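# Tertiary structure, described
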Amino acid sequence: MLDRYGRTIDYMRISLTDRCNLRCIYCMPEEGIHHIPRTELLGLDEILRICSLASELGISRIKLTGGEPLVRRICVPLVRELKRLPGIRQVTLTTNGVLLKEQLPGLVEAGLDAVNISLDTLDKETFQKLTRREELDQVLMGVEAALSYHSLKVKLNCVPTFQCEEDLVKLAAFAREKPLHVRYIEMMPIGLGKEFTAKNEETVKELLEKTYGPMRPTQETLGNGPCHYYTLENFQGRIGFISALSHKFCDQCNRIRLTSTGYLKGCLQFENGADLKAKIRKGCSDEELRETIKKVIYEKPAGHNFQEKKNGKEESHIMAQIGG
Ligand code: SAM
Ligand code: SF4
């Protein structure tokens, strides 16, 4: 359906949990976050009910995210059931990759269409500093495992922070050597991200061009949204940028977000939205739930606005709680 600004909203990101097996410095405090009792999380049936009604309103693509979605052992049955919903044509996953290798056979068999793997560096020491864990080898095994399924689209996501230039350049080489896309995500001032300065697209692009030659923009649509891509000579995959600050894309935003505790919201930056879990657990009808989802879609804020903070009540949660 269209929101009040005429944007088509057809994509929903679902955070399955706030918990994570890494502690990325820009996302998660060292001690982790307050543990939410399992009963407070949406269950499989509740998620499916929301997705079924949302699909009647035009949501056709779903992304499972978190926290780390794979620490919650419902991903395989959830992907299978989501793929059975008549209106859902694509189900994808964003993961840190640590548990990917072991869960991938089940996920692919259930019908997973694509996986985005977050990987900020290939250097063990920097990985440990960034994530406060020593799981780089596991993540790399997850990437290899994902590439072994030819039906699965694979992307790597990197948020440039304090990695050295060589790190950012080396990551791009993955897209030359393997059939995958590498994307650089500009740090957003949300949660712990506020403590970091974003390295912008132009800086990273200039760096990559010094090593790999000219980057040519391509209009191809390779995912669900705001990433724009470049081709490079002799590269199998593309290099992409998601630049929420330097290249704002809110006028084309197509998404809504469901938190692990069942709160549906229209924009990453603002808390405006509706508590679907409360309604479900009070026994609301499908009609009432559908109308509530419709209202959140219709009233989706015009866009994020980190300088003036004006389109609603500002989000007070960290990124792991709102699904990246
Ligand atoms: N744990 C999974 C992962 O890391 O892919 C899924 C959730 S994570 C919150 C989703 C994405 O958000 C990751 O690629 C992460 O790097 C990115 N992210 C986290 N905090 C961010 C911030 N402040 N600005 C931009 N991206 C951020
Ligand atoms: Fe975990 Fe992903 Fe946040 Fe890193 S970015 S702490 S992997 S939720």
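Heads up: these notes are all about the structure in this document.

What counts and what doesn't
The numbering scheme is per chain: residues are counted from 1 as the chain's sequence reads. Written order determines the labels here, with chains lettered from A and ligands numbered from 1. Reporting of local features is limited, given that this is a predicted model, to residues whose pLDDT is at least 70; pairs of side-chain atoms are given and counted only at 80 or more, and all residues count toward the totals for whole chains, interfaces and linings. Working from all heavy atoms in the structure, the side-chain values ignore hydrogens and water. Classification of ring pairs uses Phe, Tyr and Trp, with its six-membered ring standing for Trp, and accepts pairs whose centres are within 6.5 Å; under 30 degrees between planes counts as stacked, over 60 as edge-to-face, and the remaining range as tilted. Comment: elements are numbered from the N terminus, with helices defined as DSSP H or I runs of at least four residues and strands as E runs of at least two. Burial classification: accessible surface area is computed with a 1.4 Å probe over protein chains only, and a residue below 20% of its type maximum counts as buried, one above 50% as exposed, and the rest as partly exposed. Strand pairing follows a simple DSSP-based rule, namely that at least 2 bridges must link the two strands. Working definition: residue near molecule or strand if any one of its non-hydrogen atoms lies within 4 Å of it. Only Asp, Glu, Lys and Arg are considered charged, only Ala, Val, Leu, Ile, Met, Phe, Trp, Tyr, Cys and Pro nonpolar, and every remaining residue, Gly among them, polar. Computed over the protein atoms alone on a 1 Å grid, cavities are sets of points where a 1.4 Å probe fits but cannot get out and pockets are open sets with protein on both sides within 12 Å along at least five of seven lines; a residue lines them when it has an atom within 4 Å of a point. Grid points are joined across faces, edges and corners, and a volume is the space filled by probe spheres set on the points. By definition here, a salt bridge exists when the distance from a side-chain nitrogen of Lys or Arg to a carboxyl oxygen of Asp or Glu is within 4 Å. In protein, a polar contact means a hydrogen-donor-capable atom and an acceptor-capable atom, both N or O and within 3.5 Å, with residues adjacent in sequence counting only if both atoms are side-chain atoms; elsewhere, any N or O pair within 3.5 Å suffices. What sets the accessible areas is the Shrake-Rupley method with a 1.4 Å probe; for residues, cover comes only from the shown protein chains. Along the arc lie the directions from the helix axis toward the C-beta atoms. When checking whether two residues touch, look at their non-hydrogen atoms; a contact exists if any pair is within 4.5 Å.

In the structure shown here, the tally under the stated rule is three aromatic pairs. Ring geometry for Tyr212 versus Phe235: centroids 5.2 Å apart, planes at 75 degrees, classification edge-to-face. Linking Tyr212 in helix 7 (residues 201-212) with Phe235 in the loop between strand 8 (228-231) and strand 9 (239-242), this pair joins segments that are 23 residues apart in sequence. Residue classification places Tyr212 among the buried residues on the basis of a relative accessible area of 14%. Residue Phe235 is classed as buried on the basis of its relative accessible area of 9%.

What follows is about the pairing of strand 9. Burial of strand 9 is two-sided: the residues Ile239 and Phe241 facing one way and the residues Gly240 and Ile242 facing the other way are all buried. Across four bridges, strand 6 (residues 181-185) lies against strand 9 in parallel orientation. By the bridge assignment, Val182 is partnered in strand 9 with Ile239. In this structure, strand 8 lies alongside strand 9, joined through three bridges in antiparallel fashion. What sits directly across from His228, in strand 9, is Phe241.

Once that is clear, we can look at the site of ligand 2. Taken together, the residues surrounding ligand 2 are Cys20, Leu22, Cys24, Cys27, Met28, Gly67 and Asn96. Residue classes in the shell around ligand 2 are distributed as five nonpolar, two polar and no charged.

Here we take up empty space enclosed by the protein. Scanning all chains against the criterion turns up two cavities of 30 Å³ or more. Each pocket or cavity is described by its volume, and for the largest cavity that value is around 50 Å³. Of the residues belonging to the lining of the largest cavity, the class tally is three nonpolar, four polar and two charged. Around the second largest cavity, the lining residues are Pro160, Tyr184, Ile185, Glu186, Lys199, Asn200, Glu201, Val204, Phe241 and Ser243. Where the lining of the second largest cavity is concerned, the elements lending two or more residues are strand 6 and helix 7. Partitioned by chemical class, the residues of the lining of the second largest cavity number five nonpolar, two polar and three charged.

Under the defined criterion, the tally for this structure stands at 21 salt bridges. Across the pair Arg84 and Glu81 runs a salt bridge, and its minimum N-O distance is 2.9 Å. You can see Arg84 and its partner Glu81 sitting in helix 2 (residues 75-84), three residues apart, about one turn around the helix. Residue classification places Arg84 among the exposed positions, given a relative accessible area of 57%. With relative accessibility at 28%, the residue Glu81 sits in the partly exposed group. Residues Lys129 and Glu125 are paired through a salt bridge, measuring 3.8 Å at the closest nitrogen-oxygen approach. One end of the pair, Lys129, and the other, Glu125, are both in helix 4 (residues 124-131), four residues apart, so they sit about a helical turn from each other. Of the residues examined, Glu125 reaches a relative accessible area of 56% and is grouped as exposed. Three or more residues joined by partner-sharing salt bridges are found here, namely Glu56, Glu287 and Arg290.

What surrounds ligand 1 is a group of 18 residues, the closest being Tyr26, Gly67, Thr94, Ser118 and Met188. Between ligand 1 and the protein, one listed contact pairs a nitrogen atom with a side-chain N or O atom of Glu68 at 3.2 Å. Take Met188: an N or O atom from its main chain is 2.8 Å from a nitrogen atom of ligand 1. Taking 550 Å² as the accessible area of ligand 1 by itself, protein coverage stands at 94%. Classifying every residue of the shell around ligand 1 by side-chain character gives seven nonpolar, nine polar and two charged.

Once that is clear, we can look at helix 3 (residues 100-110). Leu100, Gln103, Leu104, Leu107, Val108 and Ala110 are the residues of helix 3 that are buried. In a view along the axis of helix 3, the buried residues occupy a sector of 145 degrees, so they form one face of it. Helix 3 presents Glu102 and Glu109 as exposed residues on the side facing more than 90 degrees away from its buried surface. Contact partners of the buried residues in helix 3: helix 2, strand 3 (90-95), strand 4 (114-118) and helix 5 (136-147). Two residues or fewer past helix 3, Gly111 is found with a positive phi of approximately 115 degrees.

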